[in-house]
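Coordinate inspection notes
The lines below spell out each chain.
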Amino acid sequence: MLLQRLVEFADTSEDVIPPFYSRKPVRWSLEIDTDGVPRGGLVDTANKDDPNSRFGAPRLVPAVTRTVGISPALAVDTGEYLFGWLSEGAKPERVAKQHTAFRALIADWAAAEPDSHGPAVAAFYRDGHADRISPPADWSRGDLVGFWVDGVYAADAVAAQRFWAGVAGDRKGSGRTGLCLVCGRVQPLLHTMPQQIPRRWVPGATQSASLVSMNEATHGYELQKFLTHTPICADCGLKFITALTALLSDPRHSTSLSGQNARLAWWVLGGSTFDPWATVEQLDPSHIQHLIAGPASGAEASLDEVSRYCSVTVGGNVARVVVRDWVEQPISRVKDNIRAWFDDHRIVDAWTGEVATIKVSQLARVAGRFEAGRNGAPGTWTKFGASGEHRPADLFHRLLSAALLKRPLPPKLLNHVINRIRIDGRLDPGRAALIRLALRRHPTLPEHERERLTPTLNVAHQQPAYVSGRIFAVMDDLQRTVFRVADQRLNTTFAERYFGRAIDNPQVVIVSGRRNVQAWLKRLRGPLRRPAWSDAYERRLDDLFVQLAAIPSAAVLTDKAQFILGYHQQRAEMRAERLAAAANKKKTDLPPEPDDAAPTADDEGDDA
């Protein structure tokens, strides 16, 4: 099914690379006229300041898998093939054969396609112009050199593509005809796969990788090598390899993060223009609103009902493509899954008071280690793939599967995030969203408990650990207010000192913290002359303690998560209450925050 869907994509997409072609940097270009006469020397197309052109301008290049045999490409190849140049360590006899084979291919092209650019390139060799082209001083053995004829890149012309498809097909064909497993038609079959996928698109591969390969007898059925028992016709083999390469190399259809062990590619068949990846990663508010309102408004496009979302996740092992995951689902179901994703992870921002949705790459980022800034500077998240990132290698793709396909979250994710919060002392909207997401999708959580886990503070949610987290947040806010009013420097806050311990055992911290609370309230009422503020904090704490039959201790994993969620949402609620009061939209008995209050860390960190 995977190969069939890739062939369907190749048949319907205008972005697929032509058969037996790949996109590679062509370092040198040589312009000739229609009579084969050079219009100058070799031109260097490399641009050291442009990452995409450091080794030459990217162009479509005729390509088939080339191992130890001599296999010239059409109109563009290395200096050894085009001119017979010798590099250090090269064997003169082999280079001479390479050059002869290239010239023979050009002669065949000129004879088969007399109206193409082939005759001009053939005249270039026939009239001896090639002998007068010397290698540049900075030429290297792997540099590609391409012909231009009268201003046209010869290898990319339609006639060149047509001729090259026939040549490359003959090289890779098996000479057998049979039933193709992909298209179900009787066609000429392949001996080996005609092309490989460049290793830069296959994480973990150490060289260009094959999707289907049996190079050793022990790999194949009945000890048969190559594609003997995997009949694939040349047409389908070309299409699914070029389609997969095009998808993996296109940022609109694929994604991978450094340090993550796979790359995901996706495409839509059936005509729908819905882009699942952009919806969960770019977070366009209008797109999200339209998606969520779709079922209620009856605006769901009928085309989505018959369209299918396809995705494949690949990794690499030396020269083999490892298919880690393959998915095909109706677009309508994917939309339902994304709606559930937003419902499950949306979370209030403790600084702005607004409910936020978090992109998938940011959720994967915040699961890693947080590096605090020095001397008050903002902190950041350890980069993907960096040493000590402490981020699961497959987390990004597991989260993406949870978003698009509603698959279960990694079993250890909740415990991992809680440990990172405790170790880093860092809780931001991204980590709070992961906590809420993991709780709402926890397999043992009852449905009525799941519905109580709202994006903002739920005062009706009286789960003991959740209420304990709210109490802890009020205690921390009280301490900050006391020291601010007293104009005293607070080196370590109540939360900074006890938050990690409170996650594991709220009872110990809250019981001991009540003694500090009484002292702080007494200071507000007495020396600091803020009795109204003291009464406000006391009322809030009394209201919360009444909801507790007993303060939890030795918390289980879900209790730890509930404590963190309650703490985060209570902080956000008090912040929102103060913002509303400052804007004269609401009255509050809480003391205002100072005008210079600001976040102490960079929530986003480095870009994914």
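Up top is the structure these notes are about.
Residues numbered from 1 in each chain as written. Predicted model: local features only at pLDDT ≥ 70, side-chain atom pairs only at ≥ 80, totals over all residues. Heavy atoms only, no water.

1. What to know about the overall build of the protein
- Scanning the protein from terminus to terminus reveals 20 helices and 17 strands.
- Over its C-alpha atoms the protein spans a radius of gyration of 32 Å, topping by over 25% the 25 Å that the globule rule assigns to 608 residues.
- By its C-alpha atoms, the protein is 105 × 55 × 50 Å across when sized along the principal axes.
- In the protein, which comprises 608 residues, the share counted as buried stands at 52%.
- Partitioning the intrachain contacts of the protein with sequence separation of at least 6 by distance along the chain shows that 69% fall at a separation of at least 24.
- Surface summary for the protein: the accessible area is close to 28400 Å², and the carbon and sulfur share equals 49%.
- Taking the average location of the 75 positive side-chain charges in the protein and that of its 70 negative ones, the two points are 6 Å from each other. (Helix = DSSP H or I, 4+ residues; strand = E, 2+ residues; numbered from the N terminus. Rg over C-alpha atoms; globule rule 2.2 N^0.38 Å. Buried < 20%, exposed > 50% of the residue type's maximum accessible area, 1.4 Å probe, protein only. Contact = heavy atoms within 4.5 Å. Areas by Shrake-Rupley, 256 points an atom, 1.4 Å probe, with all protein chains shown as cover. Lys, Arg positive; Asp, Glu negative; His and termini not counted. Charge placed at Lys NZ, Arg CZ, Asp CG, Glu CD.)

2. Let's talk about the side chain of Asp250
- Counting through the fold element by element, Asp250 comes out in the loop between helix H6 (234–249) and strand S11 (254–255).
- A distance of 2.9 Å separates the side chain of Asp250 from the side chain of Arg252, its partner in a polar contact. (Polar contact = N/O pair within 3.5 Å; in protein donor to acceptor, adjacent residues only side chain to side chain.)

3. Some details on unusual backbone geometry
- At Asp150, a residue that is not glycine, the phi angle is positive and equals roughly 50 degrees.
- Mapping Asp150 onto the fold places it in the loop between strand S6 (144–149) and strand S7 (152–153).
- Look at Asp150 and you get partly exposed, because its relative accessible area is 43%.

4. Focus on the pattern of salt bridges
- Tallied over the full model, the rule gives 33 salt bridges.
- A salt bridge links Glu8 to Arg308; the nearest nitrogen and oxygen atoms lie 3.2 Å apart. In this pair, Glu8 sits in helix H1 (residues 2–12) while Arg308 sits in strand S13 (residues 308–330), placing the two residues 300 residues apart along the sequence.
- Using a relative accessible area of 25% as the deciding quantity, one classes Arg308 as partly exposed.
- Between Arg252 and Asp250 there is a salt bridge, with its nearest N and O atoms 2.9 Å apart.
- The exposure class of Asp250 is buried, given its relative accessible area of 12%.
- Salt bridges sharing common partners tie together Arg5, Glu8, Arg308 and Glu328. (Salt bridge = Lys/Arg side-chain N within 4 Å of Asp/Glu carboxyl O.)

5. Structural notes on the packing of helix H14 (residues 429–440) against helix H20 (residues 557–582)
- Where H14 contacts H20, the two axes come as close as 10 Å, and the packing angle between them is 135 degrees. Taken together, H14 and H20 sit at an angle that is classed as oblique. Read as a crossing pair, H14 and H20 show a hand that is left-handed. Residues Pro429, Ala432, Ile435, Arg436 and Leu439 of H14 touch H20, and the partners they reach there are Thr558, Ala561, Gln562, Ile564, Leu565 and His568. (Axes fitted to C-alpha atoms, helices over the stretch in contact; angles between N-to-C directions. Parallel < 35°, antiparallel > 145°, perpendicular 65-115°, else oblique. Left-handed = near helix turned anticlockwise from the far one by under 90°.)

6. Thoughts on H6
- Here H6 contains 16 residues, and its C-alpha end-to-end distance of 23 Å stays within 8% of the 22 Å for a straight helix at 1.5 Å per residue.
- Most of H6 is tucked away, with twelve of its 16 residues classed as buried.
- Turning to H6, its buried residues number three or more, namely Cys236, Gly237, Leu238, Phe240, Ile241, Thr242, Ala243, Leu244, Thr245, Ala246, Leu247 and Leu248.
- Tucked inside the fold, the buried residues of H6 contact H1, strand S9 (186–190), S11, strand S12 (263–269) and S13. (Expected span 1.5 Å × (residues − 1).)

7. A short note on the packing of aromatic side chains
- This structure, assessed with the given rule, holds 20 aromatic pairs.
- Relative to Trp267, the ring of Phe9 lies with its centre 6.3 Å away and its plane at 55 degrees, an arrangement referred to as tilted. Residue Phe9 is located in helix H1, and its partner Trp267 is located in strand S12; the two are separated by 258 residues in the primary sequence. The exposure classification of Phe9 matches that of Trp267, with both residues buried.
- For the ring pair Tyr125 and Phe147, a centre distance of 6.1 Å and an interplane angle of 70 degrees mean the geometry is edge-to-face. Of this pair, Tyr125 sits in helix H4 (residues 118–126) while Phe147 sits in strand S6; the two residues are 22 residues apart in sequence, bridging distant segments of the chain.
- For Tyr125, a relative accessible area of 4% gives the class buried.
- Each residue in the set Phe472, Phe494, Tyr498, Phe499, Trp520, Phe563 and Tyr567 is aromatic and connected to the rest through ring pairs, giving one cluster. (Phe/Tyr/Trp six-rings, centres within 6.5 Å; stacked < 30°, edge-to-face > 60°.)

8. Some words on the nonpolar core
- Counting 88 residues, the largest nonpolar core has Trp341, Leu399 and Ile435 as the members making the most contacts within it.
- The element that contributes the greatest number of residues to this core is helix H16 (residues 464–485), accounting for eleven residues.
- Phe20, Phe83, Tyr125 and Val167 belong to the second largest nonpolar core, which has 45 residues in total. (Core = buried A, V, L, I, M, F, W, Y, C linked by side-chain atoms within 4.5 Å.)

9. Side note on the state of the cysteines
- One pass over the full model with this rule turns up zero disulfides.
- This cysteine, Cys236, is not joined by any disulfide, and Cys233 carries the nearest cysteine sulfur, 3.5 Å off.
- Among the residues examined, Cys236 registers a relative accessible area of 2% and is labelled buried. (Disulfide = S-S within 2.5 Å.)

10. Here we look at the packing of H1 against H6
- Across the interface, H1 lies against H6 with an axial gap of 8 Å and an inter-helix angle of 80 degrees. By the angle between their directions, the pair H1 and H6 is classed as roughly perpendicular. Where H1 abuts H6, its residues Leu3, Leu6, Val7, Phe9, Ala10 and Asp11 lie against Cys236, Lys239, Phe240, Ala243, Leu244 and Leu247.
- Counted by class, the contact of H1 with H6 contains ten nonpolar, no polar and two charged residues. (Nonpolar A, V, L, I, M, F, W, Y, C, P; charged D, E, K, R; others polar.)

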